[in-house]
Amino acid sequence: MNFSGKNGVLAVTESLDILHIVLMIISIGLLLVIFVLSNKIRRNRLIQEPVLVTTEMVAGATELLFEGDLEHPGVKKKRKTLDGFLVKNSVINFAGQVIPLIAAFIAIPILIRELGVDRFGAITLAWMLIGYFSVFDMGLSRTVAHIASQKLSEGKENEIPILACTALFLMAILGGSGAVLLSVGGWFFVHLVPSFPSHLISEIQVSLLSIGVVLPFVILTSGIVGLLQAYQKFLVINFIRIPMGLFSYLAPLAVIPFTNNLAVIIATLSAGRLISFLAHALAVRQVIPGIYSKGKVDRKLFKTLLTFGGWLTVSNVVAPIMLYMDRFIVGSFVALSAVAYYTTPFEVVTKLLIIPASVMGVFFPAFSASFHKDRKQAKFLYHQVIKYISLILLPICFVIFYGAKWGLTFWLDDPVFAEASYQVAQLFVIGVFFNSLAQPSFNLIQAAGRPDLTAKLHLLELPFYLSYLWYFVDELGILGAAIAWVIRVFLSSVILFILAHKQLKNGEYLKHEKS
């Protein structure tokens, strides 16, 4: 498209419909919002005082909660305050997860229509790569949240700048390694895959380089988020997350009127990730004074960080295999068309897992702080979060279970598709409910310093699950695949529940946690 001269300006004006103009303004506005927030963070307006649930609230509540009469008014007040604080942060976290999904719901059909299937497929690949290559953080973001929470509960806040700098140093190295692998490996990958359209190869190659450049900053951002989680700064986290989540889906729509070149679109998304990193970097500087001036790399912490993070990485690698292997087996044993009948209800129903994920993002740092200081406090939080998740999800699951057939028919406007999928959807609802109830146990075990237990459980699950998944799919098709998934989730939930209660009873720690 030629933009030179008066005719070029008129051509551009004519090519932009009202929707694209609005979306372009919104995308620019989202970047301005992040800059304004960064300025407020820099001036300490957004973070006026660090309300540290881990130091002041958890530790203070623990001192009173489990010494003497539990029915004492002071004890009840402390419980209510702590409870309300964590619930409020969970709601904020949930909003940060859901609002970008609304933008995705609106943007994706337009992107498919404007870009075409091939280019849109490449964009979804870019989104997936940014998410999957985040595994190069080696679990350090969650490790930082865990250890920083413990240090806050022990009153060792002065040690956190060193912890933060050491972890971020390791994450920068790991992110750089991932960037090199993605950039170099991607160049060969696009030539080896015959399904890539030849006219898009050069655009995809440049796009992969763009993602590679920004990948270290994406991984560093996750580490900073872990630090902010330890301080229970979920308002700050989501003030940045929501605009960036919206930007990820709306920015491509703003670029389309000018060009549909993938390299330009992906570069725009990468620029957004870089701005997100800068905003988080400013935020954490205010929350942790001296993180950049007083912090230093302590090589003695390498083993602690990499050991804990390494076990988390095992879970992060094995879990997606179990999550996606069923659709490959369905495609191989039943039919490729059956994958659509299976994955459509799966993708819809499993969106409910956003609820426990949002809640546990808040409770994991609280678990880490309270378990290390007082297991009774951890037990109180553990039972509370199970109660909350149950009360929220039970009625939702009940409605979806009994309305699955009608809901699929109404949504897809295809009675045949709904007839083939609704029983699968009902089974997924049961599995999601059990999976949600297992999340507190999973997080408590890791907060207790035993990520090796969850990793070993995943490693043991994998061969058994694949073996009976194979059998059920061969016998019952997609219904068998859903039954196998529910069995795996139920058994895993029971084992995690037993392990969590064992941790609460024994209070075992890894030796390096005590050092």
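Preceding block: the structure.
Attention in this report is confined to the structure presented alongside it. Source: prediction; values computed, not measured.

Overview of the environment of C397
Then, number 1: Relative to the helices and strands, C397 is located in helix α14 (residues 375-412).
Then, number 2: Sequence spacing of C397 and F433 is 36 residues, and the spatial spacing of their C-alpha atoms is 7.2 Å.
Then, number 3: Not counting chain neighbours up to four residues away, the residues in contact with C397 comprise L352, V429 and F433.

Focus: the packing of aromatic side chains
Then, number 1: If you walk through the whole model with that rule in mind, you get 16 aromatic pairs.
Then, number 2: Both rings, one in F434 and one in F490, keep their centres 5.0 Å apart while their planes meet at 70 degrees; by these two values the pair is edge-to-face. Here F434 is found in helix α15 (residues 415-447), whereas its partner F490 is found in helix α17 (residues 478-506), with 56 residues between them in sequence.
Then, number 3: Given a relative accessible area of 39%, F490 falls into the partly exposed group.
Then, number 4: R142 extends its terminal NZ or CZ atom over the ring of F364, reaching a point 3.8 Å from the ring centre.
Then, number 5: Here R488 stacks its cationic end above the ring of Y465, 5.2 Å away from the centre of that ring.

What to know about unusual backbone geometry
Then, number 1: Backbone geometry places Q232, a non-glycine residue, at a positive phi of 55 degrees.
Then, number 2: Position of Q232 among the secondary structure elements: in the loop between α8 (201-230) and α9 (234-255).

Comments concerning the pattern of salt bridges
Then, number 1: If you walk through the whole model with that rule in mind, you get 5 salt bridges.
Then, number 2: For K151, the salt bridge identified is with E159, shortest N-O distance 2.8 Å.
Then, number 3: With a relative accessible area of 33%, E159 lands in the partly exposed category.
Then, number 4: The partner of D452 in a salt bridge is R450, and the shortest N-O contact between them spans 2.9 Å.
Then, number 5: Linked by salt bridges that have partners in common, R450, D452 and K456 make up one network.

What counts, and at which threshold
- Residues numbered from 1 in each chain as written.
- Predicted model: local features only at pLDDT ≥ 70, side-chain atom pairs only at ≥ 80, totals over all residues.
- Heavy atoms only, no water.
- Helix = DSSP H or I, 4+ residues; strand = E, 2+ residues; numbered from the N terminus.
- Contact = heavy atoms within 4.5 Å.
- Phe/Tyr/Trp six-rings, centres within 6.5 Å; stacked < 30°, edge-to-face > 60°.
- Buried < 20%, exposed > 50% of the residue type's maximum accessible area, 1.4 Å probe, protein only.
- Lys NZ or Arg CZ within 6 Å of the ring centre and 35° of its normal.
- Salt bridge = Lys/Arg side-chain N within 4 Å of Asp/Glu carboxyl O.

All we've got here are geometric facts, nothing functional implied.
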